[in-house]
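Spelled out, the chains give:
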Amino acid sequence: MALSPCSSTFARRYVPLRPLSSPSRRRPIRPRHTGAAVTAAGLAALAATLTACSGSTPASADTAANKPDISVNLQGKQAKAGSPVKVTLADGKLKQVKVTDSEGAKLTGKVAANGTTWTSDRKAVPGTSYKVEATTDEGGSARTSFKTATPEQVNKLSLTPGKDTTVGVAQPLSVVFDHPVKNKAEVEKHLKVTTSNDTTGSWGWIKNYDGKDRVDWRPKEYWESGTKVKLDARLGGIDSGTDGGWFVRDYVTGFTVGKSQKVKVDLDSKQATLVRDGQSVKTVPMSAGTPGGDKASWGGTSVLMAKEGTINMRSETVGLGDAYDKMVDNSMRLTWSGMYAHAAPWNASYFGNTNHSSGCIGMSDGDASWLYGQVQVGDPFEVSGSGSKGVPDPGNGYGEWNISWADWQTKSALS
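Structure report, in brief. (Residues numbered from 1 in each chain as written. Predicted model: local features only at pLDDT ≥ 70, side-chain atom pairs only at ≥ 80, totals over all residues. Heavy atoms only, no water.)

**Here we look at the overall build of the protein chain**
Condition: A run of DSSP states H or I qualifies as a helix once it reaches four residues; a run of E qualifies as a strand once it reaches two. Both are numbered from the N-terminal end. Two residues form a contact once any of their heavy atoms are found within 4.5 Å. Note on areas: Shrake-Rupley with a 1.4 Å probe; residue coverage comes only from the protein chains shown.
Looking only at helices and strands, the protein chain has six helices and 25 strands in total. Excluding contacts between residues fewer than 6 apart, the proportion of contacts in the protein chain whose partners are at least 24 apart in sequence is 64%. Put simply, the protein chain shows about 22,800 Å² of open surface, and 50% of that area lies on carbon and sulfur atoms.

What follows is the structure, encoded as structure tokens:
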């Protein structure tokens, strides 16, 4: 048989094969192209298998589960203050909500029975930044923040007596406001008084001697000795009304009632008596205000406002012209209008027999010094007898004790 051209070519290029008896020289057969194709396909298949069988949650679903959809009624950097913070969950149930201001103070609140809303107990305060964090029963959490608008005007107040003081049995709680208070009922609702023995008392709105709005809490009767009193004025976030402005903080004060004592001043006998626990301690002669005009003393009950020691008394400050200008020792202030009990040695010839002062209760140096050492701020001075010019206005010092309990209660904005 004739050879084909290919066979002929093969024959010319023939090279003898190495013997099979040399295994050490054999080369393994390595696929070149098929292996690469299998690897790419395998990886694709493996990836598909892992995705289908591993059970992992896609990223979008995980985000939705851990970041629940919440909304807050106050938003942005100019949110309106004066309303509670309300957090609403679109789906599911709220477990807990935390609302804190920039100083770390928390707004407490409650989750509604259906679990979808949370409302704060207190109102948002003006000019304050808040952070909100909500968690759900499913373990998700969400955060947001807002800031309330800065108020155009802030209302502040002063409290009497001072914190941790000891005072007499007639001392009321007294709050004087820097600006007018139109929303008296709303403000009064946020003034909480607690006492150690459940003392009966009431707030009453009056005008301070300088014309400012003032509200006092006085007991029905004088305090019992040893009573502990606390005022928690939860006013942050409350609007005091037209021309008054917002309150931007809370106030707290407290005091203890000291010895049960009072000073009884008899204009007829011209005597002053210190009474402690119902018993007379000492009676001293005195001379009160000249009857029949502006120099007469106030009658009724005044409360010792301050023990001022030695002070300069000038008649023009109380509308009496240039009648006197003296340094006066052992001065005990009873009214804003200038009635004091004090040492008056220049009036010695009148003690015990004639009321001949410019309205004050004057005593000898020794008696005034003794009484000054015995009395405490908040002690009542009960002035009786003829020749007074009536009773002081409630705002002229602490004259509310000259008002009956029934009438005092009507001065509450919540009555």
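Right, picking up where we left off after that structure.
**Some words on the sheet that holds strand β22 (residues 325-333)**
Inclusion rule: Any two strands are treated as partners once DSSP identifies two or more bridges connecting them. Axis geometry follows a simple rule: fit a line to the C-alpha atoms, using only the stretch in contact for helices, then measure angles between N-to-C directions, giving values from 0 to 180 degrees.
As summarised here, the arrangement of the four strands in space is β21-β22-β23-β24, forming an open sheet in which the pairing is mixed. Of all the strands in the sheet, just β21 (306-314) and β24 (361-363) have a single pairing partner and so form its edges. Neighbouring strand axes in the sheet, compared pairwise and without regard to direction, differ in orientation by 35° on average. Pairing between β21 and β22: seven bridges, direction antiparallel. Within the sheet, the bridge partner assigned to G309 lies in β22 and is S331.

**Looking at a negative patch on the surface**
What counts is decided by this rule: Two joining distances apply to patches: 9 Å for like charges and 5 Å for nonpolar side chains (Val, Leu, Ile, Met, Phe, Trp, Tyr), and every residue must have over 30% relative accessible area and no salt bridge. Within this document, salt bridges are pairs made up of a side-chain nitrogen of Lys or Arg and a carboxyl oxygen of Asp or Glu, the two lying within 4 Å of each other. Here Asp and Glu are counted as negative and Lys and Arg as positive; His is not counted, and neither are the chain ends. Charge placement uses NZ in Lys and CZ in Arg. For Asp and Glu, CG and CD serve respectively.
Where like charges cluster on the molecular surface, the negative patch consists of D69, D91, D137 and E138. Position of D69 among the secondary structure elements: in the loop between α3 (59-66) and β1 (70-72).

**Comments concerning the packing of aromatic side chains**
Here is the rule we go by: To pair, rings of Phe, Tyr and Trp, with the six-membered ring standing in for Trp, must have centres within 6.5 Å; the planes then decide the type, stacked if under 30 degrees apart, edge-to-face if over 60, and tilted in the middle. The buried label applies to any residue whose accessible area, calculated with a 1.4 Å probe on protein chains only, is under 20% of its type's maximum; exposed applies above 50%, and partly exposed to all values in between. Charge over a ring is defined by NZ of Lys or CZ of Arg lying within 6 Å of the ring centre and within 35 degrees of the ring normal.
Per the counting criterion, the structure on display carries six aromatic pairs. Pairing W223 with F255 gives two aromatic rings, centres 5.9 Å apart and planes at 85°, and the pair type is edge-to-face. Residue W223 is located in the loop between β14 (213-219) and β15 (228-233), and its partner F255 is located in strand β16 (residues 251-257); the two are separated by 32 residues in the primary sequence. Each member of the pair, W223 as well as F255, carries the same accessibility label: buried. Grouped by ring-pair contacts, the aromatic residues F177, W205 and F247 constitute a single cluster. Between K282 and the ring centre of W370, over which it is positioned, the NZ or CZ distance is 4.7 Å. The positively charged end of K389 is found above the aromatic ring belonging to W298, 4.8 Å away from the centroid.

**Side note on the environment of A134**
Relative to the assigned elements, A134 resides in strand β7 (residues 129-136). Exposure remark for A134: the relative accessible area of 0% places this residue in the buried category. When the C-alpha positions of A134 and I70 are compared, they lie 8.0 Å apart, and in sequence the two are 64 residues distant. Beyond its immediate stretch of four places on either side in the chain, A134 contacts I70, L94, Q96, V97, G140, S141 and A142.

**Details of the environment of G127**
As for its placement among the helices and strands, G127 is situated in the loop between β6 (117-123) and β7. Each C-alpha atom, one on G127 and one on T150, is 4.0 Å from the other, the two residues being 23 residues apart in sequence.

**Here we look at the sheet that holds β1**
Strands sit in the order β1-β2-β6-β5 across an open sheet of four strands; the sheet is antiparallel. Two strands in the sheet have a free side with no partner beyond their single neighbour: β1 and β5 (109-111). Adjacent strand axes in the sheet meet at a mean angle of 15° when their direction is disregarded. Across three bridges, β5 lies against β6 in antiparallel orientation. Residue pairing across strands places G109 opposite S120, the latter belonging to β6.

**Brief notes about the pattern of salt bridges**
Inspection of every chain in the model, using the stated rule, returns 12 salt bridges. Notably, a salt bridge pairs D121 with K110, separated by 3.2 Å at the nearest N-O pair. With a gap of 11 residues between them, D121 in strand β6 and K110 in strand β5 connect regions that are remote in the sequence. Residue classification places D121 among the partly exposed positions, given a relative accessible area of 43%.

**Some remarks on the side chain of E400**
Locating E400 in the fold gives a position in the loop between β25 (380-384) and α6 (405-409). In contact with E400, not counting residues within four places along its chain, are P172, R214, D216, R218, P394 and W408.

**Side note on the side chain of S331**
Here S331 is to be found in strand β22. If sequence neighbours within four positions are ignored, S331 has contacts with A306, K307, E308, G309, I311, M313, Y340, A341, H342 and Y372.

**With respect to helix α5 (residues 365-374)**
An α-helix turns once per 3.6 residues; consequently, residues spaced three or four apart project the same way. We count it as follows: In this description, the arc belongs to the directions extending from the helix axis to the C-beta atoms.
Considered for burial, the residues of α5 that qualify are D367, A368, L371 and Y372. For α5, the buried positions fall inside an angular range of 135° around the axis, keeping them on one side.

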